[in-house]
Amino acid sequence: MKCVPFIVLFVLTLVLNSCQSEPSLQRYFVDKSESKDFVALDLAPSILNIDKSKLTPNQKEAIGSFDKMNILAFKLNDKNKAQFEIERASVNSILKDEKYQQLMKFGSGKEGASVSFIGDDEHIDEFVFFANKKENGFAIVRVLGKDMNPTMIFNMISVLKEADVDLAQLKPLQDLMIQ
């Protein structure tokens, strides 16, 4: 019976350790979406208002692989400069995790943009666009889908150029930029 408290303690330690989760962008989005310094938007493919009959087969495949887009933006002002640095460092730290593979990077660490993804080259589940500018703030865009690849993203961008985007869904982001 002397082993019972030890076994209980061991099992409890295992359970508590398994409950700790690594930082992720999904968790970051959830944690920050209600903060006054952030604007969060979730966009469905319906925002595009696309006449699918005019799309090429490759464009149809690209749109079909797209599930949703999450946007989180931090608007920098005179009162939150220190918080901006903390938040930007936090996002950079999350994106350094080995599950996020960097596709390309523009600019420097203090100002610029990067494109990362989760998955392998032909079966990407998530694209992440992270852009920051020390005068304005930063934005993170998560494009979630099924079996996407870099070519599909470029095809989707070509569709976006022709889309009749429902700007009412972007109103919270527009309000952030005007302030």
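For the structure, see preceding data.
All values derive from a computational prediction rather than experimental measurement. (Residues numbered from 1 in each chain as written. Predicted model: local features only at pLDDT ≥ 70, side-chain atom pairs only at ≥ 80, totals over all residues. Heavy atoms only, no water.)

> Help me get a handle on the overall build of the chain, residues and values and all.
Counting secondary structure elements, the chain contains 6 helices and 6 strands. Counting from the amino terminus, helix and strand elements in the chain follow one another as α-α-β-α-β-α-β-β-β-β-α-α. Put simply, the chain has 179 residues, and 35% of those count as buried. Surface accessibility of the chain: about 11400 Å² in total, with carbon and sulfur atoms responsible for 58%. (Helix = DSSP H or I, 4+ residues; strand = E, 2+ residues; numbered from the N terminus. Buried < 20%, exposed > 50% of the residue type's maximum accessible area, 1.4 Å probe, protein only. Areas by Shrake-Rupley, 256 points an atom, 1.4 Å probe, with all protein chains shown as cover.)

> Explain the pattern of salt bridges to me, using residue names and the numbers behind them.
Under the definition given, this model contains 7 salt bridges. For the salt bridge of arginine 88 with glutamate 85, the shortest nitrogen-to-oxygen distance reads 2.6 Å. Here the residue arginine 88 and the residue glutamate 85 both occupy positions in helix H4 (residues 81-95), the gap between them amounting to 3 residues, near one helical turn. Of the residues examined, arginine 88 reaches a relative accessible area of 3% and is grouped as buried. By relative accessible area, which is 35% here, glutamate 85 ends up partly exposed. Between arginine 142 and glutamate 126 there is a salt bridge, with its nearest N and O atoms 2.8 Å apart. With arginine 142 in strand E6 (residues 137-148) and glutamate 126 in strand E5 (residues 123-133), this pair connects stretches of sequence that are 16 residues apart. (Salt bridge = Lys/Arg side-chain N within 4 Å of Asp/Glu carboxyl O.)

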